[in-house]
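Listed below, chain by chain, are the residues.
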Amino acid sequence: MKHFPIFIAVEGRRIVVSGGGEAALAKLRLLLKTEAHLNVFAAEPAQEIRDWAHKGRLTLTPRALEPGDTLCAKLFYAANEDEAEDARVAALAHADGALVNIVDNLNDSAFITPAIVDRDPVTIAIGTEGAAPVLARTIKKDLEEKLPANLGLLARIGKAFRNRMEALPFGVKRRDFWLDYYFNTDVSTNATEAQHTLETLLEKHLQSDDKKGRVDLVGAGPGDPELLTLKARNALDKADVVIYDRLVSQEILELARREATMISAGKEGFGPSVSQDEINAMITGHAINGAHVVRLKSGDPTVFGRLDEEIEACEALNIDWRIIPGITAASAAVASIGQSLTKRGRNSGIRFLTGHDTKGFADHDWRALAQKGEVAAIYMGKKSARFFQGRLLMHGADPATPVTVIENASRTDQRILSTTLSELEPALSNANLTGPALTFLGLAPRAALQAAEDINPQEVAYEPRLYT
Ligand code: SAH
């Protein structure tokens, strides 16, 4: 950042502009929105500037700037559209201690003026350090369209109402009130009516005597932040406390409200490092204290997420909860190999299995899984791969059954291991996958499948392959 954005207090201060043409007019149109005293020095001022002077909106001195004209000026604009003249007046203003901007001369300017979206007192400044004015204009246009025209008025009325806030307890309650005011209430542009709306709203919030917070059980998806649902984003935006699992990616954690308390539940692959009871207690403890808790789980919270235990803990204490679904690892993984989870004529169903449960390697219906055409998505299946392999082969599974392991699905470090049941181990150990991985039994990446169909089935050898 070569320029640091700040808001300068200009109320009642002097801002001096040297110049009377288009460049000066453009700056003056912005400056007239402020409560500063504007002084213009121009030998030949445009008619518009004369008119403003006439109406008392600025003072005009119809001559070139001279030494002493910029005394006590806070800001100074050299807008003569004449390089030599701009350099001369800029030097004078600089000597008088003003912050100097020379129009269209980034290098010699002490500050630059951003593109401004004005909903006073809400002001948005957009700067590109002169690199991309078109971009700044487009962003400004987008924001102008997005922000209601009466936002400034709402903010001013809201500000005047702040002293009434003492009635509401500090924290979540107050924030909910303001969110309700700005985003859920149809507030009139008439100040008296708006005041009335605020009173009614306050009454409503005072009456809701529930001091408990609530719990959102949120799916964070497989890792790519773009695979987060809008509902999940909104929940993160409003959270007071976020309790997240180890697999939730850093990029997603960064989307949480800046003031939110972030707590790692740090569950490890084999057995939790923070016990489930401790996690339940954390969730309910914060909610009881009035916090909006986001319990953030990787993928979809309803898939191998021990969700029910957390729901039961909330129910036991009468805490409101809801589930916000997410994209489960199997969906992201299957997308990465260009396949479908189900396919007409291939598999009319799919099993979601876990490689291990609380008792160790999980037991399944091996006979059924060993059948031709079975497809299974195996979660937490790395350490149990040899166990799976052995059980399936023992129950008569075809050794050539394709097996695909997708590590870090949807993330930038995604890797794909394409192999067969008979080669799964040692291929998996050799690949040394360190991230979360999902194993598909009975599915090969689309490209590999294509290659296999092109050659004599007798010759098909699913060489273990690593795609990155
Ligand atoms: N609720 C999660 C699953 C939690 S169990 C979901 O719906 O995805 C944790 C297991 O999910 C990991 O051991 C791994 O098998 C799988 N997993 C989670 N994220 C993954 C990712 N980005 N890529 C591959 N597998 C993933």
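Residues numbered from 1 in each chain as written. Predicted model: local features only at pLDDT ≥ 70, side-chain atom pairs only at ≥ 80, totals over all residues. Heavy atoms only, no water.

K.L.:
Residue-level account of the overall build of the chain, with values.
P.N.:
Summing up its helical and strand segments, the chain has 16 helices and 20 strands in all. Computed over the C-alpha atoms, the radius of gyration of the chain is 32 Å, more than 25% above the 23 Å expected from 2.2 N^0.38 for a compact globule of 468 residues. Based on the C-alpha atoms only, the size of the chain along its principal axes is roughly 100 × 60 × 40 Å. In the chain, which comprises 468 residues, the share counted as buried stands at 43%. Within the chain, contacts between residues separated by at least 24 positions form 64% of all contacts whose residues are at least 6 apart in sequence. Carbon and sulfur atoms make up 52% of the accessible area of the chain, which totals about 25,300 Å². Charged side chains in the chain number 54 positive and 63 negative. The centres of these two groups are separated by 2 Å. (Helix = DSSP H or I, 4+ residues; strand = E, 2+ residues; numbered from the N terminus. Rg over C-alpha atoms; globule rule 2.2 N^0.38 Å. Buried < 20%, exposed > 50% of the residue type's maximum accessible area, 1.4 Å probe, protein only. Contact = heavy atoms within 4.5 Å. Areas by Shrake-Rupley, 256 points an atom, 1.4 Å probe, with all protein chains shown as cover. Lys, Arg positive; Asp, Glu negative; His and termini not counted. Charge placed at Lys NZ, Arg CZ, Asp CG, Glu CD.)

K.L.:
For the confidence of the model for the chain, give the residues involved together with the corresponding values.
P.N.:
For the chain, per-residue confidence averages 89 on the pLDDT scale, and 92% of positions sit at 70 or higher. No element of the chain has a lower mean pLDDT than strand 20 (residues 465–467), which averages 60, and none a higher one than strand 1 (residues 14–18), which averages 98. Here residues 456–462 is modelled with pLDDT under 50, and outside its nearest four sequence neighbours on either side it reaches nine contacts, counting other chains as well. (pLDDT = per-residue confidence, 0-100.)

K.L.:
How would you sum up the site of the ligand? Please name residues and give values.
P.N.:
Within the structure, the ligand sits among 18 residues, and Asp300, Val303, Thr328, Ala409 and Ala437 are positioned closest to it. Here an oxygen atom of the ligand sits 2.6 Å away from a polar atom, N or O, in the side chain of Thr328. Bound to the protein, the ligand loses 92% of the 540 Å² it would expose on its own. Here the shell around the ligand spans two domains, since at least three of its residues come from each of domain 3 (214–327) and domain 4 (331–467). (Near = heavy atom within 4 Å. Polar contact = N/O pair within 3.5 Å; in protein donor to acceptor, adjacent residues only side chain to side chain. Domains from an automatic or database assignment.)

K.L.:
Could you give an account of the sheet that holds strand 5 (residues 99–102), naming the residues involved and the relevant values?
P.N.:
Across the sheet, which stays open at both edges, the five strands sit in the order 3-2-1-4-5 with parallel pairing between neighbours. Both edges of this open sheet fall to strand 3 (59–61) and strand 5, since each of them pairs with a single strand only. Across this sheet, the average inter-strand angle for adjacent strands is 20 degrees, counted without regard to direction. Across five bridges, strand 1 lies against strand 2 (residues 37–41) in parallel orientation. When the bridges of strand 2 are listed, Ser18 appears paired with Phe41. Relative to strand 1, helix 1 (residues 22–31) is tilted by about 165 degrees, and along the sheet it contacts strand 1, strand 2, strand 4 (73–78) and strand 5. (Pairing = 2+ DSSP bridges. Axes fitted to C-alpha atoms, helices over the stretch in contact; angles between N-to-C directions.)

K.L.:
Let's hear about the side chain of Gln276: which residues, and what values?
P.N.:
Structurally, the position occupied by Gln276 is in helix 10 (residues 276–288). Engagement of the side chain of Gln276 in a polar contact is seen with the side chain of Glu310, the distance being 2.9 Å.

K.L.:
Kindly report on the packing of aromatic side chains, identifying the contributing residues and their values.
P.N.:
Summed over the entire model, instances satisfying the criterion amount to nine aromatic pairs. Arranged with centres 5.0 Å apart and planes meeting at 80 degrees, the rings of Phe177 and Trp178 form a pair that is edge-to-face. Neither Phe177 nor Trp178 differs from the other in exposure class; each is buried. Relative to Phe388, the ring of Trp366 lies with its centre 5.1 Å away and its plane at 90 degrees, an arrangement referred to as edge-to-face. A residue pair is termed long-range when its members are at least 10 positions apart, and Trp366 in helix 13 (residues 366–369) and Phe388 in helix 14 (residues 385–394) qualify at 22 residues. On the basis of relative accessibility, which here comes to 4%, the residue Phe388 falls in the buried class. Ring pairing ties together the aromatic residues Phe161, Phe177, Trp178 and Tyr181, which thus form one cluster. (Phe/Tyr/Trp six-rings, centres within 6.5 Å; stacked < 30°, edge-to-face > 60°.)

K.L.:
Run through a nonpolar patch on the surface, naming residues and quoting values.
P.N.:
On the surface, Met1, Phe4, Ile6, Ile8 and Leu99 cluster together into a nonpolar patch covering about 590 Å² of accessible area. Relative to the helices and strands, Ile6 resides in the segment before strand 1. (Patch = residues over 30% accessible without salt bridge, like charges linked within 9 Å, V, L, I, M, F, W, Y side chains within 5 Å. Salt bridge = Lys/Arg side-chain N within 4 Å of Asp/Glu carboxyl O.)

K.L.:
Describe unusual backbone geometry, listing the residues and the values that go with them.
P.N.:
Cis peptide bonds are those with omega within 30 degrees of zero, and the linkage from Asp120 to Pro121 qualifies with 10 degrees. The topology assignment puts Pro121 in the loop between strand 6 (115–119) and strand 7 (122–126). Omega for the peptide link from Glu425 to Pro426 comes to 20 degrees, which places this bond in the cis form. You can see Pro426 is positioned in helix 15 (residues 424–431). Here the phi dihedral of Cys72 falls at roughly 65 degrees; this positive angle occurs in a residue that is not glycine. Of note, Cys72 is situated in the loop between strand 3 and strand 4.

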